[in-house]
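A closer look at the structure
Read off the chains here:
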Amino acid sequence: MTRPVVHVHGCGRAARSVLRWLLDNDQVEVGQVCNRSLDSAAEAVEFMGAGRPVEELDHEITGGWLLLGLPDGELDGLARGLACRMPGQPELAFHLSGSTSATVLEPLGTPIASVHPVRAFSDPAQAVAGMSGTWFVAEGLPETCAQLEPIFTGAGGRWLTLGGGDKALYHAATVVASNYLVTLTQLARNLATRAGLESESAAELLGHLQATTLAGLEGLTPAQALTGPIERGDLTACTRLVEAVDQSDPTAGRLFRTLALATLDLAIEKRGPKPSDPPLRQLLSR
Ligand SMILES: NC(=O)c1ccc[n+]([C@@H]2O[C@H](COP(=O)([O-])OP(=O)(O)OC[C@H]3O[C@@H](n4cnc5c(N)ncnc54)[C@H](OP(=O)(O)O)[C@@H]3O)[C@@H](O)[C@H]2O)c1
């Protein structure tokens, strides 16, 4: 099988992790690698074990694939800038953003797509080790997505196409599911340590609770999986919790009450209304 040669403009955490994983699974070759600095491009090449660091992409990108692994804010300007001084004609171009449309690459005048890896890349080496089974959400020209799909699924990824959907809302969904889970973990750990638990024990205890909650969600709707004082309609317990969090940290208190209101809606969906719901809503809306 002839493997596509991928040239990279912007080979940071996400691009170098994805490419290293595709290389490890014999799906691609890596050609030119261009970052803001040559040192950084050389570092990316060393991490991937393939590619050639360059200061500027050159005509040899013709016929290869061009990956723009830049931060979202840079994609538009760079695609426009590159369009004026495009050194060659790649077969296709794609980026990795979950919120920016593939159309940002239109100025390049080549078939375009975006492939969003649905995972975090804070530590590239760790990310590469856990890439198998990662979801990739694609949008752009159907034929370009179809060219990219077998490379990603062939390496062991899972593929989904976002055809004509609202990309920003899709990205918001992933932010809530992933980033906010991290924020909520910090909030829970803070409350537990303020309650007097030692921080390592708090992290272990809450981590186990989170893992079992996520496992319990499999095959159920969130409403079906919901338990706790709000689901039980226990006004006394809820009042005690809200007052304790408010006293501990007013900012955390506001977040706690906002999430409790959303949880109350979910509880009503599950068990129907209870007489305690109106006073509970009043308490949470304060
Ligand atoms: N990080 C994640 O968890 C994650 C997950 C999914 C998708 N993504 C997507 O992946 C894309 C890249 O994010 P990232 O986190 O990998 O960013 P990053 O680690 O900051 O890497 C960005 C890279 O782009 C290079 N760069 C920036 N401006 C440039 C320019 N004008 N010319 C050439 N190179 C330039 C930087 O070069 P220097 O090293 O020289 O500064 C850096 O290597 C974004 O679209 C993001 O939404 C990221």
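Note that the coordinates shown come from a computational prediction; the quantities given were computed from them, not determined experimentally.

A separate point is helix H2 (residues 38-48). Regarding H2, the residues found buried are Ala41, Ala44, Val45 and Met48. Buried residues of H2, viewed axially, fall in a sector of 100 degrees; they line one side. Facing away from the buried side of H2 by over 90 degrees, the exposed positions are Asp39 and Glu46. Positioned one or two residues after H2, glycine 49 has a phi angle of 70 degrees, which is positive.

Positive phi is not limited to glycine here, since aspartate 26 has a value of about 55 degrees. For aspartate 26, the position within the fold is in the loop between helix H1 (13-24) and strand E2 (29-34). Owing to 11 C-beta atoms within 10 Å, aspartate 26 belongs among the exposed residues under this scheme.

In this section: the domain arrangement of the chain. Once the domains are mapped, the chain shows domain 1 (5-165), domain 2 (166-216) and domain 3 (221-286). Averaged C-alpha coordinates put domain 2 and domain 3 at centres separated by 18 Å. Counting residues at the interface gives five residues for domain 2, matched by five residues for domain 3. In terms of residues, the side of domain 2 that touches domain 3 owes the most to one element, helix H6 (residues 167-194), which gives four residues.

Below, the discussion takes up the site of the ligand. Within the structure, the ligand sits among 26 residues, and Gly10, Gly12, Ala14, Arg36 and Ser40 are positioned closest to it. Among the secondary structure elements, those contributing two or more residues to the shell around the ligand are H1, helix H3 (72-84) and strand E6 (112-117). Within the shell around the ligand, the residues separate by chemical class into eleven nonpolar, eleven polar and four charged.

Right, let's get into the sheet that holds strand E4 (residues 65-68). Pairing is mixed in the open sheet, where eight strands are placed in the order E3-E2-E1-E4-E5-E6-E7-E8. Looking along the sheet, the strands with just one partner apiece sit at the ends: strand E3 (52-53) and strand E8 (158-161). One ladder, built from three bridges, connects strand E5 (residues 92-95) with E6; its direction is parallel. Residue pairing in the sheet places phenylalanine 94 in a bridge with alanine 113 of E6. Contacts from helix H5 (residues 142-154) reach E5, E6, strand E7 (135-140) and E8 within the one sheet, and its direction differs from that of E6 by about 35 degrees.

Here we come to the environment of aspartate 249. With respect to the element layout, aspartate 249 can be found in the loop between helix H10 (235-248) and helix H11 (250-271). Among the residues examined, aspartate 249 registers 15 C-beta atoms within 10 Å and is labelled partly exposed. When the C-alpha atoms of aspartate 249 and serine 122 are compared, they prove to be 29 Å apart, with 127 residues separating the residues in sequence.

Turning next to the packing of H1 against H2. Contact geometry of H1 with H2 gives a least axis separation of 9 Å together with a crossing angle of 35 degrees. Of the two possible hands of crossing, H1 and H2 adopt the one that is right-handed. In this structure, H1 contributes Arg16, Leu19, Arg20 and Leu23 to the contact, and H2 contributes Ala44, Phe47 and Met48. The residue makeup of the contact of H1 with H2, split by class, is five nonpolar, no polar and two charged.

Parameters at a glance
Residues numbered from 1 in each chain as written. Predicted model: local features only at pLDDT ≥ 70, side-chain atom pairs only at ≥ 80, totals over all residues. Buried ≥ 20, exposed ≤ 12 C-beta atoms within 10 Å, placed from the backbone. Helix = DSSP H or I, 4+ residues; strand = E, 2+ residues; numbered from the N terminus. Arc of directions from axis to C-beta. Domains from an automatic or database assignment. Contact = placed C-beta atoms within 7 Å. Near = placed C-beta within 6 Å. Nonpolar A, V, L, I, M, F, W, Y, C, P; charged D, E, K, R; others polar. Pairing = 2+ DSSP bridges. Axes fitted to C-alpha atoms, helices over the stretch in contact; angles between N-to-C directions. Left-handed = near helix turned anticlockwise from the far one by under 90°.

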